[in-house]
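Descriptive structure summary
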Amino acid sequence: MSIIHILPEAVANKIAAGEVVERPASIVKELMENSLDAGADRIEVSVEAGGKRLVRVEDNGCGMSHDDALLAFERHATSKIRSAEDLFDVATLGFRGEALPSIAAVSRLVLQTRHASEPAGTRVEIVGGKLRDVSELGWPSGTSVEVRDLFFNTPARRKFLKAESTELSHVASLVTHYALAHPEKSFRLASLSNEIVNVSPVPDSRQRIYQLMGGQLLDQLIEMTPVERRMAVYSAPGAPDDDETPSEAVIVRLWGFISRPEVQKLNRNSIYFFVNRRLVRDRLILHAITEAYRNVLPPSVFPVALIFLELPPAEVDVNVHPSKTEVRFRHSGFIHDFARDAIRQRLMTSRPVAAFPLPKAAQQRSAIEGDEAEVAEALAEEPPLLRGAEERSLEPFPSGEHGPASAWRSPAAPTEATGFRLSAPRPAPRPGVLALGESEPIFRDPAGAPVASPPGGAVPRLEEAGASEFPMDLKPLGQVEDSFIVATNAEGLWIVDQHVAHERVLFERHQRLRREKKVEGQRLLLPVIVELKPEQQATLGEIAEELSANGFDVEPFGQRTVAIKTAPADIAPQDVQRLLLEILDELGPEMRAISLEVLRNKISASVACHAAIKVNMPLDRNRMEWLLRELARTECPMACPHGRPIVLRYGLKDIRKAFRRT
Ligand code: ADP
Ligand code: MG
């Protein structure tokens with residue numbers, strides 16, 4: 001007797017729905033991708049109850065004929081690929097032909113659509129996967145898909161849905177990111193009570209970021225203009241990477257926005273990555289970004305990044321997971337190194353921190369009410385559809401703090417609560433104008449009231465000019481408060497934080513010596529006896545070897561105590577104990593999760609910090625000149641190993657403007 005049977009189609013669809021439809025945001029994702037594939041340039045999303053009661057996506061795309069409108073709900077029915085070979089060259093967002101039948105299996109769905117070639121439109125109604133009604137309909141053009149009562153027939157899955165505000169935030173994040181990837185199209189997202197996104201077409205991503213998130217975030221970002229690289233490829237997909245004779249070359253292009261070193265996030269949630277405009281979570285690129293920021297950001301913090309990668313579709317396999325949020329590159333090594341180098345290059349040549357005060361706008365943002373507040377709060381959670389992918393592919397990382405607001409806060413702008421998520425809706429800028437209004441400094445009149453421009457003067461604005469390297473020709477003029485070196489060159493006026501500048505110099509030197517195994521220890525006249533807590537002792541045991549390679553000689557002394565006999569050469573004896581404890585404490589709980597590389601960085605950063613010139617220390621001209629020169633020679637003169645800015649600059653143009661000498 002045979003006990004195996006083929007599952008009925010309805011059951012198969014419900015199973016597929018388990019992979020494709022996790023929550024309302026997954027429906028929005030699939031429907032928006034269909035709209036984009038249909039060539040729409042206007043997409044409107046409406047939701048009720050966070051999408052649990054209703055998700056509707058309307059577009060002005062090509063629409064479907066009567067027959068196609070019915071076929072679309074068959075399993076594996078797609079207009080986008082024809083053969084298995086096509087799978088290696090997918091240029092559309094969809095291709096699996098699974099979304100519509102999967103969604104229809106677990107909801108009450110109404111499709112209304114018309115193809116330009118047909119006089120009348122078609123309405124199809126499906127309830128829980130069963131066709132209820134097909135009728136003709138007067139319909140202008142394009143397509144509307146209405147999905148009600150998600151999981152009404154699978155109550156067990158319905159229970160997994162989160163609060164309405166949480167689901168809404170996931171939907172909002174998704175719409176926001178597709179809007180970011182397509183600045184030339186309009187997007188709207190509305191709930192019953194609110195319009196959450198409404199953006200009209202703009203010429204570039206920069207203006208789209210401004211529309212969606214405002215000028216304050218833009219100020220924290222460095223724009224990467226497109227970087228192109230030729231990549232040798234092999235005509236047959238699957239040909240080995242190490243084949244010596246490439247048959248052709250293709251162009252790989254990368255552009256986007258990355259954050260300045262002083263912007264630090266406690267998790268990876270503000271890193272967004274698009275491959276051929278498809279939002280994906282990709283371990284390889286995350287790694288490339290982390291590498292690019294190495295020694296610019298401390299090891300366990302993350303930048304904000306919005307990276308677009310474009311390459312021929314045949315070079316990426318998008319058929320890795322049903323929700324299509326993971327990809328595989330044919331030449332992953334090349335892509336990784338290209339992304340890392342392009343980002344690092346841009347980071348290294350970015351301007352120093354702008355000299356004018358950072359915006360206060362966030363503090364003044366009007367109180368957020370009702371729905372919006374909930375959205376803003378919920379938005380600080382993990383991004384929706386990508387979470388699964390990330391959990392699968394990334395090692396756990398200790399992030400200290402996962403608090404919603406804190407994840408989006410940066411030290412440079414403590415009140416900023418947005419990242420690449422939506423904040424409360426804000427007024428749209430004047431069309432075509434990239435107003436940086438929010439980033440203007442706040443001036444006060446003699447009575448102390450805020451005014452729009454400096455008393456009697458023009459507003460100095462931040463230039464958005466190209467990159468500039470840290471100059472070799474700075475002349476020190478003196479110090480402010482014995483802490484900040486004031487210097488000048490033809491570009492303008494520079495202020496350098498002497499402690500972090502020296503820290504950067506020492507950090508890079510220590511790293512170099514460590515690589516060459518030449519770190520020198522200095523024997524202490526009297527050993528320093530340090531009492532250790534048990535966890536400190538455990539950490540010490542684990543890193544003993546690395547410590548000795550960094551110039552330490554630490555020996556057991558008593559049951560709980562150790563004797564430091566030798567310490568890195570630049571460290572003053574009175575700092576030795578604190579340095580060791582700092583290293584042990586910083587490493588403590590996360591010891592097992594970090595790589596040797598990270599460990600070395602942490603030790604170098606701590607040594608550099610303790611050995612560096614302090615603030616409130618007078619420096620003579622020679623020492624100032626020496627420091628500026630050494631700083632200019634470092635790989636990353638703009639940020640200290642902990643990501644703090646080292647240099648401020650008042651550009652000559654700004655100075656002239658402020659004195660009305662333009
Ligand atoms: P896939 O997108 O993988 O092809 P779907 O189940 O999402 O599978 O959609 C099935 C087909 O229905 C698509 O291939 C497309 O031809 C058609 N379709 C779906 N949504 C739209 C839309 N908004 N506009 C025009 N055609 C659509
Ligand atoms: Mg689709």
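Procedures and definitions
- Residues numbered from 1 in each chain as written.
- Chains lettered and ligands numbered in written order.
- Predicted model: local features only at pLDDT ≥ 70, side-chain atom pairs only at ≥ 80, totals over all residues.
- Heavy atoms only, no water.
- Salt bridge = Lys/Arg side-chain N within 4 Å of Asp/Glu carboxyl O.
- Helix = DSSP H or I, 4+ residues; strand = E, 2+ residues; numbered from the N terminus.
- Buried < 20%, exposed > 50% of the residue type's maximum accessible area, 1.4 Å probe, protein only.
- Disulfide = S-S within 2.5 Å.
- Pairing = 2+ DSSP bridges.
- Core = buried A, V, L, I, M, F, W, Y, C linked by side-chain atoms within 4.5 Å.
- Domains from an automatic or database assignment.
- Near = heavy atom within 4 Å.
- Polar contact = N/O pair within 3.5 Å; in protein donor to acceptor, adjacent residues only side chain to side chain.
- Areas by Shrake-Rupley, 256 points an atom, 1.4 Å probe, with all protein chains shown as cover.
- Nonpolar A, V, L, I, M, F, W, Y, C, P; charged D, E, K, R; others polar.
- Axes fitted to C-alpha atoms, helices over the stretch in contact; angles between N-to-C directions.
- Parallel < 35°, antiparallel > 145°, perpendicular 65-115°, else oblique.
- Left-handed = near helix turned anticlockwise from the far one by under 90°.
- Contact = heavy atoms within 4.5 Å.

**So, the pattern of salt bridges**
Under the counting rule described, the total for this entry stands at 35 salt bridges. One salt bridge connects Arg-330 with Glu-315, and the closest N-O pair in it is separated by 3.2 Å. With Arg-330 in the loop between β15 (328-329) and α10 (332-348) and Glu-315 in the loop between β13 (305-310) and β14 (316-317), this residue pair connects regions lying 15 residues apart in the sequence. Residues Arg-600 and Glu-546 are paired through a salt bridge, measuring 3.2 Å at the closest nitrogen-oxygen approach. Placement of Arg-600 in helix α18 (residues 596-611) and of Glu-546 in helix α16 (residues 534-549) is noted, with a sequence separation of 54 residues between them. Judged by its relative accessible area of 30%, Arg-600 is partly exposed. The class of Glu-546 is buried, set by a relative accessible area of 6%. When salt bridges that share partners are traced, they join Glu-291, Arg-294, Asp-337, Arg-340, Asp-341 and Glu-597 into one network.

**Some thoughts on the state of the cysteines**
This structure, assessed with the given rule, holds zero disulfides. The structure places no disulfide on Cys-609, whose sulfur is separated from the nearest cysteine sulfur, that of Cys-640, by 7.9 Å.

**A word on the pairing of strand β7 (residues 186-190)**
Among the five residues in β7, four count as buried, and that is most of the element. Two elements, strand β1 (residues 42-48) and β7, share five bridges in a ladder whose sense is parallel. Directly across from Ile-43, in β7, lies its bridge partner Phe-187. One ladder, built from four bridges, connects β7 with strand β8 (residues 195-199); its direction is antiparallel. The residue bridging Leu-189 from the neighbouring strand is Val-197, located in β8. Where β7 folds back on β8, the antiparallel hairpin that results is connected by four residues.

**A short note on unusual backbone geometry**
Within the chain, His-76 stands out as a residue other than glycine whose phi angle is a positive 60°. Mapped onto the secondary structure, His-76 falls in the loop between α3 (66-71) and α4 (99-105). Under the relative-accessibility criterion, His-76 is labelled exposed at 51%. Phi at Asn-295 takes a positive value of approximately 65°, unusual for a residue other than glycine. Position of Asn-295 among the secondary structure elements: in the loop between α9 (283-292) and β13.

**Remarks on the nonpolar core**
One recurring pattern in soluble globular proteins is that nonpolar side chains are buried together. Membership of the largest hydrophobic core comes to 63 residues, with the highest contact counts inside it found for Val-45, Phe-73, Leu-189 and Ile-209. Sorting elements by how many residues they give to this core places helix α6 (residues 164-181) first, with nine residues. A domain split of this core shows at least three residues from each of domain 1 (9-199) and domain 2 (220-231 + 248-350). Membership of the second largest hydrophobic core comes to 42 residues, among which are Ile-222, Met-224, Phe-338 and Ala-339.

**Regarding the site of ligand 1**
In the vicinity of ligand 1 there are 19 residues, among which Asn-34, Thr-78, Ser-79, Lys-80 and Gly-97 approach most closely. Within the backbone of Gly-97, one N or O atom sits 2.8 Å away from an oxygen atom of ligand 1. Coverage of ligand 1 by the protein amounts to 92% of the 530 Å² it exposes when considered alone. Tallying contributions element by element places α4 first for the shell around ligand 1, with three residues. Classifying every residue of the shell around ligand 1 by side-chain character gives eight nonpolar, seven polar and four charged.

**Re the packing of α16 against α18**
Any two packed helices are characterised by how steeply their axes cross, that is the angle between the axes, and by the distance between the axes. In contact at an axis separation of 11 Å, α16 and α18 are set at 60° when each is read in the N-to-C sense. With respect to α18, the element α16 is oriented oblique. In terms of crossing hand, the pair formed by α16 and α18 is right-handed. Here Ile-543, Glu-546 and Leu-547 of α16 come into contact with α18, specifically with Leu-596, Leu-599, Arg-600 and Ile-603.

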